[in-house]
Amino acid sequence: MKDLYDVLIVGGGVVGSAVARELSRYQLKIGVLEKNLDVCYETSGRNSAVVHGGFAYDTGSLKARLCVEGNRMMGDLAEELDFPFLRCGKVLVGNTPEDMETLKRTISQGEANGASGLRLIGKEELHRLVPAVVGEFAMLSEKSGILDPFQYTIALAENARANGVDYYFDHEVTAIRRLKNGGYCLSTPHGEYESRWVVNAAGLGCKTISDMLGITGYRVIGSKGDYIILDKRVGHLLPMPVYPVPSNTYMGIHVTNTIDGNVIVGPNAEEVSDFRYYGVPQKNIDYLRNSASALWPHIERGNYIRNYSGILPKWVDENGVIQDFKIEIQDDIAPHAVNLVGIESPGLTAAVPIARYAIGLMKEREELKENPDFNPRRKGIVRFAGLSREEQERLIRENPDYGEIVCRCEKVTRAEILQAIHNPLGVDTMAGIKYRTRAMMGRCQGGYCQMRVEQMLEEELGRRPEEVLYARKGSNLLMGTAR
Amino acid sequence: MEKRDVIVIGGGPAGLTAAVELYKKGVRDILILEREKHLGGILRQCIHDGFGLTRFHAALTGPEYAERFISQAEELGIPCETGTTVLDISPEKVVTAVSRRGLVQYRAGAVVLAMGCRERTRGALAIPGERPAGVFTAGVAQAYINLYNRMPARDAVILGSGDIGMIMARRLTLEGVRVQAVFEIQPYASGLPRNVEQCLNDYGIPLYLSHTVTEIHGDGRLTGVTVSQVDGQMRPVPGTEKYYACDTLILSVGLLPENELSMDAGVTLDGRTRGPVVDEYFQTDRKGIFAAGNVLHVHDLVDFVSLEAEKLADGAAGYVKEGSLPECPVEVREGAGISYTVPQRISGTRDVTLSMRVKKPFRSCRIVVRQDGREIASGKLARAIPAEMIHIPVRASEIAGTKPLSVSVEEPA
């Protein structure tokens, strides 16, 4: 007997998980089919982690409207779902009269979009806000911020899960078939799933899924950006993200403080068609450093701790011009299918408003009954590192596992790792533990804790060493026992 | 807040030796804080032999070498908290530590920094390419095999000819792994010649100098690496790329003294050693905070770690008893051919031994210590290589006044 759902969401990234969480407010049986082994292995976890102000997008666009909404609600959402978010502001730094004109236009556009807290600042204020920056003046966006993109996505997914949503990992949708009853049958390597509604929140796979639904003709390109992560040692030199003055489609290489105190440098923007290749070439690493050093001259090789890349799915027209978010139901072609195409930046900021917009389209076609048991609150893993000494002492008294530091760089304790291993979504990869705790994310990159974490994962989940995966399918960490 | 005359941070060879020697010199109120469940530090996973040839005139394994000090510390009854991680050292020498028993703060009369070093990672080198599973630092691979009984590889390539990398080439080979080659970006091996001989040559594992990994491939497990030759500036030479299919890349690309706690304490670090700047008593520029072993500068042999920690114990014991140590106004600077010297400051009133490394290999050369242009000490070497530390004694009677000393390599004209 196949599982029968009211709604199946294809893709468990930040948008898919936001849709799942927002839909769980209603009396619906909901499932999420995710091709990866966790919720933020692609674009949702591979970005600058900036909560945008909403000034950079054309007035009247969905990007502008949903970004401003997302920015406005982020504080409450972070509190409700217990993920790290900081409204630290951000600056766009300029030097020339042309830059000044662009910034003035950006402020007018931002205000027309409903963004608040935008103003020009002179050199003195700029250097007071970010002493280490190079530039003559800037636009300050007070409402911009940063968050932990992993925790944010995981929080949405875990809250959805707690409200009854089923998550299926390693479930890549390979075909979609219309059923006689008007519903859909979705094929995956692990069987078929039926649903009355389908939501395409497939991110980089949005065109593939859209095509499967019969909504053809979208052109989606990948825009790949590489990043360098710097040691926390330099974190104090960057209290807020520093961007150059943008061109109309590209925000430019920037330096961003992370919520955990690191600095990230990037991204460049390269058009790609391979949406699975995340390699970072040497020339891009050097290019990032050289470009960003003009803004913030503190990028030393000795402070590199890692590099990564992400790919944004951009919907473009036949001339290659980047289009707005597309959120639609094409009743004549694919009724009961919500199609989200080209959800790129500012998708992280706008995820919940995107979800609500999508659900709005569903509500125009079907009455959704409130779920009286919906609980909007979710509690994350209590982290030892950020607490006061008194709170740390109390935690250890309650649970001695909080006294055992496993990851020395990020000061992650055994208690946190155990909670991450037994996470509500059932994710069982090393990267899953990393994203949930920050173990292995520090400057030694797991040199001290990787073996301990692996050992705990084996013991807690009863796995053999050769079964433990790093992140993706096939990413087996070990070959087995030595003897 | 508890008080201790000396808190030793780290129960590896440096910390253990320092604690034992301090005790022997009459300092009894000592506490060793060790984050692992057992004492011994990185020696625990070094099950090969060759330790102790200088210090004990015996070829010991790592655990055997450590055991000599652990059993002494136990016999002497030196208190030790294992499973205890130091979270912070304040400039006032308040040490905050955490364990399953709770959070404890100690006010220390003196602090011995003996935290050792960590391995440079792929991220720090920014090796281009994808990020599959199967890229391990040599120490992680060593820990998996020797401490956890886990096999990290079947078919490996090693980048970097550091000592742990070469030792792992042998270790993996003995465990049935195919080790295809070791690639070294420098035109010379970065580890000890004896390891090139015993770990690579004896097993027929080729060492390619002036080569580096220029791309990592694979999105699940590693599928291969691209290796390129490098030019004199260590830049990859286009057209020399060669693909090696393998499932594992082992990195042995350098060790970094682990000084995050030292920085919390306000200790000044030396940009070359990446360890604290110390005087001949192994005291940092924070009075009463001492450092020895790999946290100070990366050593070639553990024997020298022990010898250094013994000297530290001399200084620290004096500090505990007297409340201060004599000034060390004479700076020691590196001249031509020398990458660093330790200590960086000396009193000029006692005989000292300077430890140093050369920047590149030299054949038949002299290491010369000069003050104001005058030669005051020297050592003649048939061979000087960056892999081997060099020790040059300097007699106090030769030092005049407080003008800086300069150490350089002088080659025959």
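Here is what the cut-offs are and how they apply
- Residues numbered from 1 in each chain as written.
- Chains lettered and ligands numbered in written order.
- Predicted model: local features only at pLDDT ≥ 70, side-chain atom pairs only at ≥ 80, totals over all residues.
- Heavy atoms only, no water.
- Helix = DSSP H or I, 4+ residues; strand = E, 2+ residues; numbered from the N terminus.
- Buried < 20%, exposed > 50% of the residue type's maximum accessible area, 1.4 Å probe, protein only.
- Contact = heavy atoms within 4.5 Å.
- Areas by Shrake-Rupley, 256 points an atom, 1.4 Å probe, with all protein chains shown as cover.
- Lys, Arg positive; Asp, Glu negative; His and termini not counted.
- Charge placed at Lys NZ, Arg CZ, Asp CG, Glu CD.
- Buried area = accessible area lost by both parts, 1.4 Å probe.
- Salt bridge = Lys/Arg side-chain N within 4 Å of Asp/Glu carboxyl O.
- Polar contact = N/O pair within 3.5 Å; in protein donor to acceptor, adjacent residues only side chain to side chain.
- Disulfide = S-S within 2.5 Å.
- Pairing = 2+ DSSP bridges.
- Axes fitted to C-alpha atoms, helices over the stretch in contact; angles between N-to-C directions.
- Parallel < 35°, antiparallel > 145°, perpendicular 65-115°, else oblique.
- Left-handed = near helix turned anticlockwise from the far one by under 90°.
- Nonpolar A, V, L, I, M, F, W, Y, C, P; charged D, E, K, R; others polar.
- Domains from an automatic or database assignment.
- Core = buried A, V, L, I, M, F, W, Y, C linked by side-chain atoms within 4.5 Å.
- Right-handed = clockwise from strand over helix to strand, strands pointing away.

Caption draft 1: Inspection of the overall build of chain A at higher detail. When its secondary structure is counted, chain A shows twelve helices and 23 strands. Across its three principal axes, chain A shows a C-alpha extent of roughly 70 × 60 × 45 Å. Across the 483 residues that make up chain A, the buried fraction comes to 63%. Put simply, 71% of the contacts in chain A that link residues at least 6 apart link residues at least 24 apart. With an accessible surface of roughly 18100 Å², chain A has 49% of that area assigned to carbon and sulfur atoms. Here chain A contributes 58 positively and 63 negatively charged side chains, and the mean placements of these two sets differ by 2 Å.

Caption draft 2: Molecular detail of the interface of chain B and chain A. Chain B puts 49 residues into the contact, and the matching count from chain A is 56 residues. Buried area between chain B and chain A, both sides added, is near 4600 Å², and the carbon and sulfur share of it is 51%. Counting the surface chain B buries against chain A, the share from its top three residues, Arg-100, Arg-131 and Arg-150 of chain B, is 17%. Between the two partners, chain B and chain A, sit eleven salt bridges. In this structure, Glu-404 of chain A and Lys-37 of chain B form a salt bridge, with 3.3 Å as the shortest nitrogen-oxygen distance. Linking chain B with chain A are 23 residue pairs in polar contact (both at pLDDT 80 or more). Listing elements by their share of the side of chain B that touches chain A, those giving two or more residues are strand 6 (85-89), strand 7 (94-99), strand 8 (102-113), helix 3 (122-125), helix 4 (138-146), strand 11 (150-151) and helix 7 (260-264) of chain B. Of all the elements, helix 4 of chain B adds the most residues to the side of chain B that touches chain A, at four residues.

Caption draft 3: Looking closely at the state of the cysteines. Considering all chains together, one arrives at zero disulfides over all chains under this definition. Here Cys-449 of chain A stays unpaired: no disulfide links it, and the sulfur of Cys-407 of chain A, its closest cysteine neighbor, is 4.2 Å away.

Caption draft 4: A look at the sheet that holds strand 4 (residues 85-86) of chain A. Residues and elements named next belong to chain A. Pairing is antiparallel in the open sheet, where three strands are placed in the order 3-8-4. Of all the strands in the sheet, just strand 3 (50-51) and strand 4 have a single pairing partner and so form its edges. Two strands pair when backbone bridges link them, and strand 4 and strand 8 (residues 145-147) are joined in this way by two bridges, in the antiparallel orientation. Across the sheet, the residue bridging to Phe-85 is Leu-147, located in strand 8.

Caption draft 5: The arrangement of the environment of Leu-213 of chain A in detail. Residue and element names in this part refer to chain A. Tracing the backbone through its elements, the reader meets Leu-213 in the loop between helix 6 (206-212) and strand 13 (219-230). Sequence separation between Leu-213 and Arg-177 is 36 residues; the distance between their C-alpha atoms is 7.8 Å. Among residues more than four places away in sequence, those in contact with Leu-213 are Ile-176, Tyr-184, Val-198, Asn-200, Ile-333, Ala-334, Ala-337 and Asn-339.

Caption draft 6: Local environment of the packing of helix 1 (residues 14-23) of chain A against helix 5 (residues 149-162) of chain A. Residues and elements named next belong to chain A. Relative to each other, helix 1 and helix 5 sit at 30°, their axes nearing to 8 Å. By the angle class used here, helix 1 and helix 5 are roughly parallel. For helix 1 against helix 5, the interelement crossing comes out left-handed. Of the residues in helix 5, those in contact with Val-14, Ser-17, Ala-18, Ala-20 and Arg-21 of helix 1 are Tyr-152, Thr-153, Leu-156, Ala-157, Asn-159 and Ala-160. Among the residues forming the contact of helix 1 with helix 5, the class breakdown is seven nonpolar, three polar and one charged.

Caption draft 7: Examining the domain arrangement of chain B more closely. Residues and elements named next belong to chain B. Examined at the domain level, chain B breaks down into domain 1 (1-119 + 254-325), domain 2 (121-253) and domain 3 (328-413). Taking the mean C-alpha position of each, domain 2 and domain 3 sit 34 Å from one another. Across the contact, five residues belong to domain 2 and eight residues belong to domain 3. Around 420 Å² of area is buried between domain 2 and domain 3 when both sides are counted, 72% of it from carbon and sulfur atoms. Considering only the surface of domain 2 that becomes buried against domain 3, Tyr-188, Leu-192 and Pro-193 emerge as the three largest contributors, covering 83% of it. Our enumeration of links across domain 2 and domain 3 arrives at zero salt bridges. In this structure, the connection of domain 2 to domain 3 is made through one residue pair in polar contact (both at pLDDT 80 or more). Each residue belonging to the side of domain 2 that touches domain 3 can be placed in one class, and the counts come to three nonpolar, two polar and no charged.

Caption draft 8: Fine view of the side chain of Thr-226 of chain B. Residue and element names in this part refer to chain B. Locating Thr-226 in the fold gives a position in strand 16 (residues 224-229). There is a polar contact of 2.6 Å between the side chain of Thr-226 and the side chain of His-217. When neighbours within four sequence positions are excluded, Thr-226 is seen to be in contact with Thr-212, Val-213, Thr-214, Glu-215, His-217, Glu-241, Lys-242 and Tyr-243.

Caption draft 9: Spatial organisation of the environment of Leu-301 of chain B. Residue and element names in this part refer to chain B. Mapped onto the secondary structure, Leu-301 falls in the loop between strand 20 (289-291) and helix 8 (302-322). Each C-alpha atom of the pair Leu-301 and Leu-192 lies 9.6 Å from the other, and the pair is 109 residues apart in sequence. In contact with Leu-301, other than residues within four places in its own chain, are Thr-54, Leu-192 and Arg-194.

Caption draft 10: Geometry of the sheet that holds strand 21 (residues 330-334) of chain B. All names here are of chain B. If you trace the five strands from one edge of the open sheet to the other, you get 23-21-28-25-26, paired in mixed fashion. Sheet topology places strand 23 (345-346) and strand 26 (374-384) at the edges, where each strand pairs with a single neighbour. Of the pairings in the sheet, the one linking strand 25 (residues 362-371) to strand 26 comprises nine bridges and is antiparallel in character. Bridged to Arg-370 within strand 26 is Glu-375.

Caption draft 11: View of the nonpolar core. Core analysis: the biggest nonpolar cluster contains 113 residues, and Ile-9, Leu-23, Phe-83, Tyr-152, Tyr-167 and Ile-327 of chain A have the highest contact counts within it. No other element matches the ten residues that helix 8 (residues 347-363) of chain A contributes to this core. Tyr-152 of chain A has contacts with Val-14, Met-74, Leu-77, Phe-83, Leu-147, Leu-348, Thr-349 and Ala-351 of chain A, leaving out every residue within four places of it along the chain. Formed by 69 residues, the second largest nonpolar core is a distinct cluster that contains Ile-7, Leu-39, Val-111 and Leu-296 of chain B.

Caption draft 12: Spotlight on the domain arrangement of chain A. All names here are of chain A. One can read the domain layout of chain A as domain 1 (85-146 + 220-310) and domain 2 (389-467). Using C-alpha coordinates to define each centre, domain 1 is positioned 32 Å away from domain 2. Taken together, the seven residues of domain 1 in the interface contact seven residues of domain 2. Summing both sides of the interface, domain 1 and domain 2 together bury roughly 590 Å²; the carbon and sulfur share of this comes to 33%. When residues of domain 1 are sorted by the area they lose upon contact with domain 2, Lys-232, Ile-305 and Arg-306 head the list and together hold 62% of the total. Note that Arg-438 is salt-bridged to Asp-260, the shortest N-O span being 3.0 Å.

Caption draft 13: How the structure looks around the pairing of strand 1 (residues 4-10) of chain A. Residue and element names in this part refer to chain A. With respect to burial, strand 1 is a largely interior element, five of its seven residues being buried. Sheet topology note: the strand 1/strand 12 (residues 191-200) ladder contains six bridges and is parallel. Of the residues in strand 12, the one forming a bridge with Leu-8 is Val-198. Direction of pairing for strand 1 relative to strand 2 (residues 30-33): parallel, over a ladder of four bridges. Paired with Val-7 across the strands is Ile-30, a residue of strand 2. The β-α-β motif built from strand 1, the intervening helix 1 and the parallel element strand 2 has right-handed crossover chirality.

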